[in-house]
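Survey of secondary and tertiary structure
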Amino acid sequence: HNFFRNWVNASEYSIGVFLAEEVVPQSRRGAKLPQRDRRVFLRAAVYHKELLLAGVEAPNGGHKRTPSGSVSIDLDSLADHKWTSVHDDSVLADVLGSLELAVGQHGTAWNHVYINMVGTTVEDLPRIEAAIASFIHLTFEDLRRLKVSCVEVRVGGGEVVALNTSGLKFKMTSTVHDTSGPAPRPPLYPLLDTIQRKRMICQNLNSTYAYDFPEIFANVLAEKGGNDEDAPQPGIKHLVELVLELPAGSSHQLVAPGHGKSGVLVEVERAPGMNDVGMVCWRATLVTEEYRNGRDIILVANDITHMSGSFSPKEDAVYRAAFDLAVAEGLPCVYISSNSGARIGLDEAVKAAFRVAWVDATKPSRGFEYLYLTEDDYEMLGTNGRVLADRVVDGETGQVRFALTDVCGGQGVECLQGSGEIAAATSRAYKSTVTMAYVTGRSVGIGAYCSRLCQRVIQHADAPLILTGASALNKVLGREVYTSNAQIGGPKVMANNGVSHMVVPDDVRGVSNILRWLSFVPAKKGAPLPFTLPKGDGFDTIHRPVGFTPANAPHDPREMLHHFFDRGSFMEVMTDWGKSVVTGRARLGGLPIGAVAVETRTSEKTVPADPAFEGAQITEETQAGQVWFPDSAFKTAQAIGDMNREGLPLIIFANWRGFAGGLRDMYGEILKYGAYIVDALREYTQPIFVYIPTNGELRGGAWVVIDSSINPEQMEFYAAQGSKGGVLEPEGVVDIKFRRADLVKVMKRSLPQMQNLGDDDGAEKKLEKELMPTFKQLATHFAALHDTPGVMLHKRAIKEIVPWDKSREFFASRLRMRVAEERVKTLIRALCPEATDEQMASHLSELRETLEEIAAEEDEAVVPEEKDEVMRLMKSLGA
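What you see is a predicted model; the values in this text were computed from it and never measured.

So, about the overall build of the chain. Across its full length, the chain carries 29 helices and 36 strands. Burial statistics for the chain: of 879 residues in total, 50% are counted as buried. Relative to all contacts within the chain whose residues are 6 or more apart in sequence, the contacts with residues 24 or more apart total 70%. With the model as given, the accessible surface of the chain reaches about 42200 Å², and the carbon-plus-sulfur share is 53%.

Structure (structure tokens):
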């Protein structure tokens with residue numbers, strides 16, 4: 001009785017599809033209403049159970065169940081099932097096909113699938129559970145794309161129901177009915193409640209309701225599990241919502257952006273959806289593999305169901321307070337972005353009350369003189385400066401009017417002012433703590449800027465980052481140029497220009513990448529590095545050889561990184577931008593470390609054609625390997641800056657022949673971005689290792705911008721056997737410093753037959769021509785002898801020659817030593833801010849044995865303050 005029912009489509013397999021729409025009461029038609037409940041209901045009748053159950057067996061011992069009775073679907077066991085896809089001729093395939101047609105035509109959400117299994121009994125429940133679980137596992141992406149919230153299967157004497165209320169995960173329950181009486185009548189489906197409608201709005205935007213994100217964090221953590229069954233298992237230990245408490249006697253309307261404090265965040269316990277501001281915030285304590293006792297983060301999210309997620313002073317105040325709290329406590333801050341930019345609002349009361357003074361009331365087309373309010377309306381609306389007006393007496397009627405000069409109600413410049421304030425707050429936070437943005441839905445204007453100002457951006461594949469929408473740009477241009485917002489700010493744009501560090505297909509993977517990124521980051525600013533070392537089959541000893549030797553030919557550097565670091569730990573970022581450089585984070589001996597490596601293969605850079613300019617064409621640029629280009633130099637500098645602010649050590653696998661210096665590259669500011677690398681390294685406050693791998697080379701300006709003299713306190717330079725380094729490549733040196741005349745001198749000095757020719761110039765010239773290629777090779781070899789690791793070590797350009805096969809073990813041990821030293825230095829500076837370099841070196845010398853013990857401990861975190869000798873030293877300094 002709540003729905004209009006319309007026949008949508010009928011299949012030949014006893015499948016009916018219905019469109020159900022909420023009835024709007026006559027009294028409310030024409031009024032502004034929340035999103036109407038509009039769903040597709042698919043009804044199927046299966047008369048032969050083996051059509052659905054053929055080849056399906058119930059799991060041994062039945063399904064795992066929660067205390068509430070819901071089934072725990074083991075996706076790992078389902079992945080090994082012989083079903084790898086839904087057969088094209090099956091009932092379930094037809095269910096999906098029918099849904100595809102209906103949902104594609106009507107664009108509904110919260111859709112429902114009901115299958116009546118005729119001729120089944122309660123004994124079939126385990127097999128039906130297994131069949132539906134496999135179906136959901138195999139088609140989950142399709143079910144989510146089609147916005148299916150419920151799959152319900154009717155069985156003789158019971159039913160199986162799989163619910164996905166948040167759009168993230170199906171939870172399956174089974175019910176057995178009393179068979180002594182008549183079968184219960186299926187219940188009516190009630191209209192969606194407020195929270196469900198909000199979820200439906202988000203589903204239609206290919207996003208997730210803000211209040212469901214903590215559940216995603218909990219689910220992703222729980223699925224990761226842990227190695228130690230006796231320790232607390234990963235999940236959310238504590239979650240509390242934070243709301244803004246204003247100063248006494250103030251209100252959001254009175255506290256304008258930039259004018260005094262906007263209040264503080266306080267903890268509250270309230271149900272989801274009770275917010276009256278389109279920005280929500282939590283403090284979450286996450287139990288992770290690295291932090292079994294929990295680590296805190298600040299989570300702040302746009303609620304796109306509230307005023308389309310737009311920013312007004314209220315939202316700005318919550319956002320700013322969240323980021324300020326993260327800075328004050330040194331906690332990571334994660335921003336979930338889905339918004340429509342700064343709020344636009346007219347004063348609706350004045351809009352409904354103003355009158356028009358026409359030039360000629362009988363001919364309105366001649367225009368108007370002014371807008372005005374009557375005396376009564378002005379008396380009601382003019383209080384508190386809502387409107388400013390001039391008193392006017394109409395010459396014809398004698399009526400007193402108030403001609404409007406300013407309408408101060410509504411929302412406009414104050415939203416822009418607040419936007420500037422939160423932009424500044426985000427920039428401050430990036431300098432002081434770890435900030436990260438996950439763009440789950442479209443982000444416009446200040447929403448896009450705040451995401452970028454967080455610097456570390458993960459973007460949903462369907463969530464554009466834009467300054468102005470496609471339709472607005474088309475109006476400005478006066479023609480239909482852009483077809484969608486994704487064309488302007490989708491992943492194909494933002495991932496290729498370095499704004500987005502990662503692109504994910506859904507919110508679960510988005511949160512998974514957030515958590516993986518956070519796993520490399522200390523719990524708070526200045527805290528020890530997180531340490532984790534997988535046990536059992538996942539254990540990866542530091543004593544193993546690297547197992548991969550970089551070839552003296554183009555190769556994939558990622559293979560080198562995967563072999564060098566702990567197994568499976570390398571996480572690459574900014575993959576599609578600046579492709580001649582590879583950047584990311586990894587673990588070495590259980591400790592997190594940033595990594596920069598060099599792409600040795602030729603790569604392609606694509607510059608899209610802007611349809612706003614006639615004749616624009618896609619440009620393909622070829623970028624050689626082992627060369628810094630403007631984009632990859634900028635990428636290197638930005639990655640180094642991000643890792644520094646995350647408190648990570650850094651290793652650079654140096655294998656550059658130099659910078660691209662052609663006209664296009666010089667115009668593209670290669671000089672500027674190369675200088676940025678120097679700035680980033682000079683400011684680095686964590687240990688840095690520069691290592692030329694075997695068969696690698698480092699030349700000219702590329703050596704200059706990463707030389708250890710840039711930051712001698714933190715940087716250490718190493719080279720492997722078989723590596724090369726110098727100003728120019730040997731061939732180039734020979735052309736300049738070993739010319740033909742020099743080669744002839746060598747010939748005459750080293751060949752007796754040349755000396756025996758006497759004055760026979762013809763024979764001499766002939767012999768010179770014959771031997772010149774050989775002597776050019778000889779000269780090149782001689783020049784190459786100036787570029788060896790032995791020369792670098794002799795001239796103190798490097799600290800040590802590290803064999804490639806032993807490099808993993810060497811750098812793992814050296815990393816522990818350097819991290820321990822820097823940790824001790826931090827502790828000493830906290831007690832003795834004026835300590836000199838000589839005093840610092842003396843204190844480290846006292847702790848040399850302790851630091852060497854820490855470096856030798858392969859399976860322990862690097863926390864020197866827990867060592868007795870360090871505690872005694874700190875106590876003496878504190879006294």
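Having seen the structure, we can now continue with the description.
All right, on to the environment of Glu 375 then. Looking at the element boundaries, Glu 375 is found in helix H9 (residues 375-381). Separated by 27 residues in the primary sequence, Glu 375 and Phe 402 have C-alpha atoms spaced 7.0 Å apart.

In this structure, Arg 295 sits in strand E13 (residues 295-302). Buried charged residue Arg 295 carries no salt bridge. Nearest counter-charge: Glu 290, at 5.5 Å. A distance of 2.7 Å separates the side chain of Arg 295 from the backbone oxygen of Leu 518, its partner in a polar contact. Not counting the four nearest positions on each side in its chain, Arg 295 is found in contact with Ala 284, Thr 285, Leu 286, Thr 288, Pro 332, Leu 518, Ser 519, Val 521, Pro 522 and Ala 523.

Strand order in this open sheet of 7 strands is E24-E25-E26-E30-E32-E34-E36, and the pairing throughout is mixed. Of all strands in the sheet, those with a lone pairing partner are strand E24 (571-573) and strand E36 (800-801), marking the two edges. One ladder, built from 3 bridges, connects strand E26 (residues 591-598) with strand E30 (residues 650-653); its direction is parallel. Within E30, the residue paired with Val 596 across the bridge is Ile 652.

In the Ramachandran plot, Ser 308 falls in the positive-phi region, its phi being about 60 degrees despite a non-glycine side chain. For Ser 308, the location among the structural elements is in the loop between E13 and helix H7 (313-329). For Ser 308, a relative accessible area of 38% gives the class partly exposed. Despite not being glycine, Asn 695 has its phi angle at roughly 65 degrees, a positive value. Examined against the element boundaries, Asn 695 turns out to sit in the loop between strand E32 (688-692) and strand E33 (697-699).

So, about the packing of helix H26 (residues 807-831) against helix H29 (residues 868-878). Across the interface, H26 lies against H29 with an axial gap of 9 Å and an inter-helix angle of 20 degrees. One finds that H26 runs roughly parallel with respect to H29. The element H26 and its partner H29 pack so that their crossing is right-handed. Note on element contacts: H29 touches H26 through Val 870, Met 874, Leu 877 and Gly 878, opposite Leu 827, Ile 828 and Leu 831. Grouping the constituent residues of the contact of H26 with H29 by class yields 6 nonpolar, 1 polar and no charged.

All right, on to the confidence of the model for the chain then. Regions with low pLDDT should not have their predicted coordinates read in detail. Averaged over every residue, the pLDDT of the chain is 88; the share at 70 or more is 89%. In the model, residues 65-82 has pLDDT below 50 throughout and makes 25 contacts with residues more than four positions away in sequence or in other chains. Below pLDDT 50 for its whole length, residues 252-260 participates in 19 contacts with residues either more than four positions away or in separate chains.

Before going further, it helps to examine the packing of aromatic side chains. Where two aromatic rings form a pair, the distance of their centres and the angle of their planes describe that pair. Evaluation of the coordinates by the stated rule reveals 29 aromatic pairs. Ring centres of Tyr 378 and Phe 402 lie 4.0 Å apart, and the angle between their planes is 5 degrees; on these two criteria the pair is classed as stacked. Of this pair, Tyr 378 sits in helix H9 while Phe 402 sits in strand E18 (residues 400-407), and the two are 24 residues apart along the sequence. In this structure Tyr 378 comes out as partly exposed when scored by relative accessible area, which is 22%. Taking relative accessible area as the criterion, Phe 402 reaches 12% and is therefore assigned buried. An aromatic cluster is defined as three or more aromatic residues linked by ring pairs; in this entry it consists of Phe 564, Phe 565, Phe 570, Phe 653, Phe 689, Tyr 691, Tyr 718, Trp 804, Phe 810 and Phe 811. Positioned above the aromatic ring of Tyr 372 is the side chain of Arg 401, whose terminal nitrogen or guanidinium carbon lies 4.3 Å from the ring centre.

Direction vectors running N to C along helix H3 (residues 91-106) and helix H4 (residues 125-145) enclose 5 degrees, while the axes themselves pass 11 Å from each other. Taken together, the axis directions place H3 and H4 in an arrangement best described as roughly parallel. Packed against H3, whose contacting residues are Leu 92, Leu 96 and Glu 100, the element H4 presents Phe 135, Thr 139, Asp 142, Leu 143 and Arg 145 at the interface. For the contact of H3 with H4, the class distribution of residues is 4 nonpolar, 1 polar and 3 charged.

Turning to helix H16 (residues 557-564), a few remarks are in order. Along H16, the residues classified as buried are Pro 557, Arg 558, Met 560, Leu 561 and Phe 564. Looking straight down H16, one finds its buried side chains confined to an arc of 155 degrees; they lie on one side. Residues of H16 that are buried sit in contact with E24, strand E25 (581-588), E26, E30 and H26. Structurally, the start of H16 carries an N-cap: the backbone nitrogen of Arg 558 is 3.0 Å from a side-chain oxygen of Asp 556.

Core analysis: the largest hydrophobic core is formed by 117 residues, its most contacted members being Phe 565, Phe 653, Trp 656, Leu 681 and Ile 706. With 9 residues, H26 is the single largest residue contributor to this core. If we skip the residues at most four places from it in the chain, Leu 681 touches Ile 640, Leu 650, Ile 652, Ile 688, Val 705, Ile 706, Ile 710, Asn 711 and Met 715.

What follows deals with a nonpolar patch on the surface. On the surface, a cluster of nonpolar side chains totalling about 290 Å² of accessible area is made up of Val 727, Leu 728 and Ile 736. You can see Leu 728 is positioned in the loop between strand E35 (724-726) and helix H21 (730-737).

Rules and cut-offs
- Residues numbered from 1 in each chain as written.
- Predicted model: local features only at pLDDT ≥ 70, side-chain atom pairs only at ≥ 80, totals over all residues.
- Heavy atoms only, no water.
- Helix = DSSP H or I, 4+ residues; strand = E, 2+ residues; numbered from the N terminus.
- Buried < 20%, exposed > 50% of the residue type's maximum accessible area, 1.4 Å probe, protein only.
- Contact = heavy atoms within 4.5 Å.
- Areas by Shrake-Rupley, 256 points an atom, 1.4 Å probe, with all protein chains shown as cover.
- Lys, Arg positive; Asp, Glu negative; His and termini not counted.
- Salt bridge = Lys/Arg side-chain N within 4 Å of Asp/Glu carboxyl O.
- Polar contact = N/O pair within 3.5 Å; in protein donor to acceptor, adjacent residues only side chain to side chain.
- Pairing = 2+ DSSP bridges.
- Axes fitted to C-alpha atoms, helices over the stretch in contact; angles between N-to-C directions.
- Parallel < 35°, antiparallel > 145°, perpendicular 65-115°, else oblique.
- Left-handed = near helix turned anticlockwise from the far one by under 90°.
- Nonpolar A, V, L, I, M, F, W, Y, C, P; charged D, E, K, R; others polar.
- pLDDT = per-residue confidence, 0-100.
- Phe/Tyr/Trp six-rings, centres within 6.5 Å; stacked < 30°, edge-to-face > 60°.
- Lys NZ or Arg CZ within 6 Å of the ring centre and 35° of its normal.
- Arc of directions from axis to C-beta.
- Core = buried A, V, L, I, M, F, W, Y, C linked by side-chain atoms within 4.5 Å.
- Patch = residues over 30% accessible without salt bridge, like charges linked within 9 Å, V, L, I, M, F, W, Y side chains within 5 Å.

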